[in-house]
Amino acid sequence: MPNIKLDEQAIQQALIELNASTAQEWIIENGKLAKSFKFKNFQQAFGFMTMCALYAEKKDHHPEWFNVYNKVDVQLVTHDVAGLSAKDFDLAKKMDALAGGI
């Protein structure tokens with residue numbers, strides 16, 4: 001997947017497509033793709049993070065995230081391009097799929 005910084009129009013289109021199939025939407029916050037995931041307990045939250053970490057490592061694209069008990073706050077940005085790229089939207093889509101399976 002190419003590391004190309006998306007322009008504002010491409011970001012908005014990708015955001016619409018990403019949010020079309022999720023109950024809780026991703027937002028753009030401080031130039032990053034952001035979402036909070038809430039789980040039943042810490043074990044589920046940590047399991048989600050573990051599955052995401054394995055995918056992120058394969059894609060060489062790592063999230064900025066923060067976990068407290070059953071909540072995982074995620075921010076995605078492609079540091080190599082100083083903005084959002086297709087890699088961020090790919091990882092977000094995968095995170096939604098993994099969260100839905102828990």
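**Q** How should the nonpolar core be read in this particular structure?
**A** Nonpolar side chains in soluble globular proteins tend to be buried together. Residues Trp26, Leu33, Phe37, Phe48, Leu76, Phe89 and Met95 are the most contacted members of the largest nonpolar core, which totals 24 residues. Among the secondary structure elements, those contributing two or more residues to this core are helix H1 (8–19), strand S2 (32–38), helix H2 (42–59), strand S4 (71–76) and helix H3 (86–100). Ignoring sequence-local partners within four residues, the contact set of Trp26 consists of Leu15, Leu18, Asn19, Leu33, Ala34, Lys35, Phe37, Val74, Leu76, Ala92, Met95 and Asp96.

**Q** Sorry, what's going on with the packing of H2 against H3 here?
**A** Relative placement of two packed helices is described by the angle separating their axes and the distance separating the axes. Remark: H2 packs on H3, axes separated minimally by 10 Å, with the N-to-C direction vectors making an angle of 150 degrees. In terms of axis orientation, H2 runs roughly antiparallel to H3. In this structure, H2 meets H3 at a crossing whose hand is right-handed. Residues Phe48, Met51, Cys52, Tyr55, Ala56 and Lys59 of H2 pack against Lys87, Asp90, Leu91, Lys94, Met95, Leu98 and Ala99 of H3. Partitioning the contact of H2 with H3 into residue classes produces nine nonpolar, no polar and four charged.

**Q** Looking at this structure, how should I read H3?
**A** Owing to its 3.6 residues per turn, the α-helix brings residues three or four apart onto one side. Compared with an ideal rise of 1.5 Å per residue, which puts 15 residues at 21 Å, H3 spans 21 Å between its outermost C-alpha atoms and is within 8% of the ideal. Those residues of H3 lying buried are Lys87, Asp88, Phe89, Leu91, Ala92, Met95, Asp96, Leu98 and Ala99. Buried-residue contacts for H3 involve H1, S2, H2, strand S3 (64–68) and S4.

**Q** It is not clear to me how the environment of Leu84 should be interpreted in this structure. Could you clarify?
**A** When you line up the elements, Leu84 lands in the loop between S4 and H3. Here Leu84 falls in the buried class, since its relative accessible area comes to 3%. Each C-alpha atom of the pair Leu84 and Phe39 lies 27 Å from the other, and the pair is 45 residues apart in sequence. Once you skip the residues sitting within four places of it in the chain, Leu84 turns out to touch Ile4, Lys5, Leu6, Ile11, Ile28, Gly31, Lys32, Leu33, Leu76, Val77 and Phe89.

**Q** What should I look at first to understand H1 in this one?
**A** Here H1 spans 16 Å end to end across 12 residues, near enough to the 16 Å set by a 1.5 Å rise per residue. Three or more residues of H1 are buried, namely Ile11, Ala14, Leu15, Leu18 and Asn19. Buried residues of H1 fall within an arc of 125 degrees about the axis and therefore sit on the same side. Residues Gln9, Ile16 and Glu17 are exposed on H1 and point more than 90 degrees away from its buried face. If you follow the buried residues of H1, they end up packed against strand S1 (27–29), S2 and H3.

**Q** When you look at the pattern of salt bridges in this model, what are you seeing that I'm missing?
**A** Opposite charge on two side chains permits pairing when their charged atoms draw close. Tallying each qualifying case throughout the model produces three salt bridges. Between Lys35 and Asp96 there is a salt bridge, and its shortest N-O distance comes to 2.7 Å. One end of the pair, Lys35, is in strand S2; the other, Asp96, is in helix H3, and 61 residues separate them in sequence. Of the two residues, Lys35 and Asp96, neither departs from the other in class, the shared state being buried. For Lys71, the salt bridge goes to Asp73, with nearest N and O atoms at 3.8 Å. For Asp73, a relative accessible area of 24% corresponds to the partly exposed category.

How each quantity is defined
- Residues numbered from 1 in each chain as written.
- Predicted model: local features only at pLDDT ≥ 70, side-chain atom pairs only at ≥ 80, totals over all residues.
- Heavy atoms only, no water.
- Core = buried A, V, L, I, M, F, W, Y, C linked by side-chain atoms within 4.5 Å.
- Buried < 20%, exposed > 50% of the residue type's maximum accessible area, 1.4 Å probe, protein only.
- Helix = DSSP H or I, 4+ residues; strand = E, 2+ residues; numbered from the N terminus.
- Contact = heavy atoms within 4.5 Å.
- Axes fitted to C-alpha atoms, helices over the stretch in contact; angles between N-to-C directions.
- Parallel < 35°, antiparallel > 145°, perpendicular 65-115°, else oblique.
- Left-handed = near helix turned anticlockwise from the far one by under 90°.
- Nonpolar A, V, L, I, M, F, W, Y, C, P; charged D, E, K, R; others polar.
- Expected span 1.5 Å × (residues − 1).
- Arc of directions from axis to C-beta.
- Salt bridge = Lys/Arg side-chain N within 4 Å of Asp/Glu carboxyl O.

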